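# A structural walkthrough
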Amino acid sequence: RLHLQYLCPCCSSKGTGAMAMERNCTLLLHYDKAQPPNEDEIKEQLESKDVPTKIGALKAMIQLILNGETMPSLLMTVIRFCVPCEDHTVKKLLLVYWEVVDKTGPDGKLLPEMILVCNNLRNDLQHPNEYIRGSTLRFLCKLNEAELLEPLVPTVKTNLEHRHSYVRRNAVLTTFSIYRHFDHLMPDAPELIEKLLLSESDVSCKRNAFLMLFHTAQDRAVAFLTDNLEQISSYGDIFQLVVLELIRKVCRTDPYQKSKYIRCILTLFNTSSSALLYECATTLLALTNSPTAIKAAASSYTQLLSAESDHNVKLIVLERLQELKAKHPRVLQEMVMDVMRALQSPNLDIRKKCLDITLDLITPRNIGEVVHALKKEVARSKETGQDEASAAAAAEYNELLIGAIHACAIKFPDVAATVVPVLMEFLADAHQSSAVDVALFVREIVEAHDQLRPGVVSKALEMLPHVTSARVLRICLWLLGEQCVQAEEVAQAFQAVKAALGKMPLLPTEAGADADAGDGAADKAAPKPAAGRTTVLADGTYASQGAAEVEEASAAAAVASGAEGQKLRELILAGDFFPGQLGGIHAHQAGPAQPRARERRADSQPGRGGRDVHPRGYAAPWVWQGRAAHGRRLGRAPQRVPHAPQPPHRAGVRALPQELPRLLRRHARAAQGR
């Protein structure tokens, strides 16, 4: 039942005045906006002897009342023609009707017709059918008129001793409601309920009785709990939940009672109810900071992570684990693998929260297990077939895993060698964000750990034909130019770049077909960039084609001419010259006449006896600044060192499509001559 105020039309109808605004709507029903029957039609249907017709009329009348229609003239019709009916559906609808109909007049006094209604309710409370008795008792919990409830109190007390548990549990709830709102009607209710609690065998009825004592006579509930503390584990989970609530309330008011109830709580952990297990862990953490208790609570939370399939439950448990991690991190460090079981959930929020907790719990003792589990997750996410709907979520999950592995490698560098080969498989990932994250991670790791260089270079050469992202391709070319040291590695790098470029010259498919006839023509004649070009139309006339049209046509031809493994060629033909420029620069660095950039960087530090040369081959900035300052002191203008070439952007190095073949051939001849 929904208890909503000021939302239902029946609570704000024009004819009921200010009193209607103070009413609570305890029932909401769907109402079809079709033409409703009028009052005379409903009256005629209520007077019918056909039971389905009466049922339809009662439903229509209830819907109209809930939508603001009062219809007070039909109250007596219902009492005359529907109350005597013994059909169970009619009796259930009558209870709903008594709930929504106005029971008082404009003066606030009870309507005279309610006397007949009260008599009908008394008869239903004494009905031989247990369902009708129980339904009527539940209806009495919603009545707020003491004049209606007072004649029914003796019958309610009689139902407390009924043979059927369904009637007794509803009688307890009715007693609870009457005593809470009108305690003068049943002043002996706590004594009756306590007597029932001691002799009751039904778990649901016992729970309702204990709940009433908990809210109305707490001393009696505490006395019962103290006397039966050893038997609480056999009372059922719904009763034990109320017991845990009472323990928390008692221990807040009297902290010296904690030790008496902690042992009882520990015995409740051996339960199959997830709700009870969660409440036990929460209550235990609120009562004590003992390591044993904290470990038991943490084990319960991790058990819920793997046992529950509801995503909301998992998120709540992970929030509790985060709170526990902030206070007791050492306890959770031993259970980090249990926490990582939540990664099996397909929900991205759960995975993200789980990884956040895991990264805060890694230590030198568990880093190996954590990284192994993350590698398995990476492999599993890559092997699992994804449809288009879940592809974005899978890519985001890959980013989370890559970020987690990156954080582990930074915090514990010893594990970098085991994760780099696995992550480099993502360089060819279809989602650019994941591939870029991996490329940046590999670049950072190989700069910090020189022993990983051979494996990274070998894997980069293997993955280069499969890379589809321009940004990732640039980083791979940077890796090859910076990290290739041995002659064999340099030769392999050149072969890989040449394979990615394809046949020369770098022209679209139409021009490339003509260039295949003569190989020498490609070296002599290179296409010149122009703002436009002249084309021959179908009728033999000439037309000028704009630069934008040429660029669009080149891009389309580049896509058509780009074969498998030739993404670099496709990018250059489409107008993206930056990968080609970067490839030319690093091909120059990787040539046989150039020492390794890392070695030059180590020698170029001031005060170490080496040449002050920047890794790119020109004078280092500190050399320029120092010599400029020295020149100013001597009254001379700063001079560049003679042997240091200028930076690429100043020397005018441009690896345009027509220059790349020449540059590659020159370095290939130099490698063969050496």
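Sequence order as written defines the numbering, with residues in each chain counted from 1. Per-residue local features of the predicted model are confined to residues with pLDDT of at least 70, and side-chain atom pairs are confined, for both listing and counting, to 80 or more; whole-chain, interface and lining totals are unaffected and use all residues. Side-chain descriptors were evaluated using all non-hydrogen atoms of the structure, hydrogens and water having been removed beforehand.

## With respect to the overall build of the chain
- Helices and strands together make up the secondary structure of the chain, namely 37 helices and 2 strands.
- Buried, partly exposed and exposed residues are distinguished by accessible area as a fraction of the type maximum, computed with a 1.4 Å probe on protein chains only: under 20%, between the cut-offs, and over 50%, respectively. Buried positions account for 45% of the 674 residues belonging to the chain.
- We call two residues in contact whenever any of their non-hydrogen atoms come within 4.5 Å of each other. Put simply, of all contacts in the chain between residues at least 6 apart along the chain, 63% involve residues at least 24 apart.
- Summed over all atoms, the accessible surface of the chain reaches about 35300 Å², with 52% contributed by carbon and sulfur. Here a helix means four or more residues in a row that DSSP labels H or I, a strand means two or more in a row labelled E, and each is numbered from the N terminus. The accessible surface values rely on the Shrake-Rupley method and a 1.4 Å probe; as for residues, cover is taken only from the protein chains in view.

## Notes on the side chain of Arg 133
- Secondary-structure assignment places Arg 133 in helix H7 (residues 130-140).
- Under this definition, polar contacts are N or O atom pairs within 3.5 Å; protein pairs additionally need one hydrogen-donor-capable and one acceptor-capable atom, and for neighbouring residues in sequence, both atoms have to be side-chain atoms. Within the structure, Arg 133 has its side chain in polar contact with the side chain of Asn 159 (distance 2.8 Å).
- If near-sequence neighbours (up to four positions away) are discounted, Arg 133 is found in contact with Asp 124, Leu 125, Gln 126, His 127, Asn 159, His 162 and Val 167.

## Here we look at the packing of helix H13 (residues 218-227) against helix H14 (residues 237-253)
- A fitted line through C-alpha atoms serves as each axis, taken over the contacting stretch for helices, and the angle formed by two N-to-C directions is quoted from 0 to 180°. Here H13 crosses H14 at 115°, and the two axes come no closer than 11 Å. By the angle class used here, H13 and H14 are roughly perpendicular. Note that H13 runs across H14; the crossing there is left-handed. In contact with Gln 218, Ala 221, Val 222, Phe 224 and Leu 225 of H13, H14 contributes Phe 239, Val 243, Leu 246, Ile 247, Lys 249 and Val 250.
- Three classes are used, and their members are as follows: Ala, Val, Leu, Ile, Met, Phe, Trp, Tyr, Cys and Pro are nonpolar, Asp, Glu, Lys and Arg are charged, and the others, Gly among them, are polar. Of the residues contributing to the contact of H13 with H14, the split by class is 9 nonpolar, 1 polar and 1 charged. To sort the angles, those under 35 degrees are grouped as roughly parallel, those over 145 as roughly antiparallel, those from 65 to 115 as roughly perpendicular, and the leftovers as oblique. Crossing handedness follows the turn of the near helix against the far one: under a right angle anticlockwise gives a left-handed crossing, and clockwise gives a right-handed one.

## Let's talk about helix H12 (residues 203-216)
- One less than the residue count of a helix, multiplied by 1.5 Å, gives the span that helix is expected to have. Helix length check: H12 (14 residues) gives 20 Å between terminal C-alpha atoms against 20 Å at 1.5 Å per residue, within 8%.
- Here H12 has its buried residues at Cys 205, Lys 206, Asn 208, Ala 209, Phe 210, Leu 211, Met 212, Leu 213 and Phe 214.
- At the N-terminal end of H12, a side-chain oxygen is found 3.3 Å from the backbone nitrogen of Ser 204, two or three residues along, and the residue is Asp 202.

## Quick word on the nonpolar core
- Counting 178 residues, the largest nonpolar core has Met 61, Trp 98 and Leu 140 as its most contacted members.
- The element best represented in this core is helix H27 (residues 470-483), accounting for 9 residues.
- Look past the residues within four positions of Met 61 in its chain and what remains in contact with it is Ile 42, Leu 46, Met 71, Leu 74, Val 78 and Tyr 97. Only buried residues count toward a nonpolar core, which is a set of Ala, Val, Leu, Ile, Met, Phe, Trp, Tyr and Cys residues joined through side-chain atoms within 4.5 Å.

## Digging into the side chain of Asn 159
- Relative to the assigned elements, Asn 159 resides in helix H9 (residues 153-159).
- In contact with Asn 159, not counting residues within four places along its chain, are Leu 125, Arg 133, Leu 137, Val 167, Arg 168 and Ala 171.

## Quick word on the environment of Leu 94
- In this fold, Leu 94 is placed in helix H5 (residues 88-100).
- Judged by its relative accessible area of 3%, Leu 94 is buried.
- Residues Leu 94 and Val 78, 16 residues apart in the sequence, show an inter-C-alpha distance of 8.6 Å.

## Describing a negative patch on the surface
- Taken together, Asp 40, Glu 41, Glu 44 and Glu 47 make up a surface patch of like negative charges.
- Structurally, Asp 40 is set in helix H2 (residues 39-46).
- Taking the relative accessible area as the measure of exposure, Asp 40 reaches 61% and is therefore exposed. Patch rule: a residue counts if its relative accessible area is over 30% and it has no salt bridge; like charges are joined within 9 Å, and nonpolar side chains (Val, Leu, Ile, Met, Phe, Trp, Tyr) within 5 Å. When a carboxyl oxygen of Asp or Glu is within 4 Å of a side-chain nitrogen of Lys or Arg, the pair counts as a salt bridge. Note on charges: Lys and Arg go in the positive column, Asp and Glu in the negative column, and His and the chain ends are not counted at all. For the purpose of locating charges, the reference atoms are NZ of Lys, CZ of Arg, CG of Asp and CD of Glu.

## Some points on the packing of helix H3 (residues 51-66) against H5
- It is the contact of H3 with H5, at a shortest axis distance of 10 Å, that shows an interaxial angle of 20°. Accordingly, the angle class assigned to the pair H3 and H5 is roughly parallel. As for how H3 packs across H5, the hand of that crossing is left-handed. Here H3 contributes Val 51, Ile 55, Leu 58, Lys 59, Met 61, Ile 62, Ile 65 and Leu 66 to the contact with H5, which in turn contributes Thr 89, Val 90, Leu 93, Leu 94, Val 96, Tyr 97 and Val 100.
- In the contact of H3 with H5, the residues fall into 13 nonpolar, 1 polar and 1 charged.

## Points about the confidence of the model for the chain
- Residues of the chain with pLDDT of at least 70 account for 70%, and the chain-wide mean is 76.
- Note on residues 554-562: pLDDT under 50 across the span, and 15 contacts to partners over four residues away in sequence or across chains.
- Confidence of the predictor at the level of single residues is captured by pLDDT, which takes values from 0 to 100. Note on residues 592-657: pLDDT under 50 across the span, and 88 contacts to partners over four residues away in sequence or across chains.

## Quick look at unusual backbone geometry
- Positioned with a positive phi, Met 71 is a non-glycine residue whose angle comes to about 50°.
- Here Met 71 shows up in the loop between H3 and helix H4 (74-81).
- Its relative accessible area of 8% is what places Met 71 among the buried residues.

## Considering the packing of aromatic side chains
- For this analysis, a ring pair means two rings from Phe, Tyr or Trp (six-membered ring only for Trp) whose centres lie within 6.5 Å, classed as stacked if their planes differ by under 30 degrees, edge-to-face if by over 60, and tilted for the remaining angles. Going through the model one piece at a time under the given rule, you end up with 6 aromatic pairs.
- Between Phe 224 and Phe 239 the ring centres are 6.3 Å apart and the planes differ by 75°, which places this aromatic pair in the edge-to-face class. In this pair, Phe 224 sits in helix H13 while Phe 239 sits in helix H14, placing the two residues 15 residues apart along the sequence. Side by side, Phe 224 and Phe 239 carry an identical accessibility label, which is buried.
- Centre to centre, the rings of Tyr 235 and Phe 239 are 5.1 Å apart; their planes meet at 90°, and the pair counts as edge-to-face.
- Tyr 235 sits in the buried class, given a relative accessible area of 15%.

## Things to note about the environment of Asp 102
- Tracing the backbone through its elements, the reader meets Asp 102 in the loop between H5 and helix H6 (114-125).
- Note on Asp 102: relative accessible area 29%, which makes it partly exposed.
- Here the alpha-carbon distance between Asp 102 and Leu 75, two residues 27 residues apart in the chain, equals 9.5 Å.

## Considering the pattern of salt bridges
- What the rule picks out here adds up to 16 salt bridges.
- Residues Arg 163 and Glu 130 are paired through a salt bridge, measuring 2.5 Å at the closest nitrogen-oxygen approach. In this pair, Arg 163 sits in the loop between H9 and helix H10 (165-181) while Glu 130 sits in helix H7, placing the two residues 33 residues apart along the sequence.
- Classification of Arg 163 by relative accessible area gives exposed; the value is 65%.
- Overall, Glu 130 belongs to the buried group, its relative accessible area being 18%.

## Side note on the environment of Val 153
- Tracing the chain through its elements places Val 153 in helix H9.
- For Val 153, a relative accessible area of 6% gives the class buried.
- In this structure the C-alpha to C-alpha distance between Val 153 and Met 186, which are 33 residues apart in sequence, comes to 7.4 Å.
- Residues contacting Val 153, with those up to four places away along its chain left out, are Leu 185 and Met 186.

## Notes on helix H24 (residues 416-423)
- Looking only at H24, the buried set comprises Ala 416, Val 419, Val 420 and Leu 423. An end-on view of H24 places all buried positions within 110° of arc, on one side of the element. The directions from the helix axis to the C-beta atoms form the arc being described.

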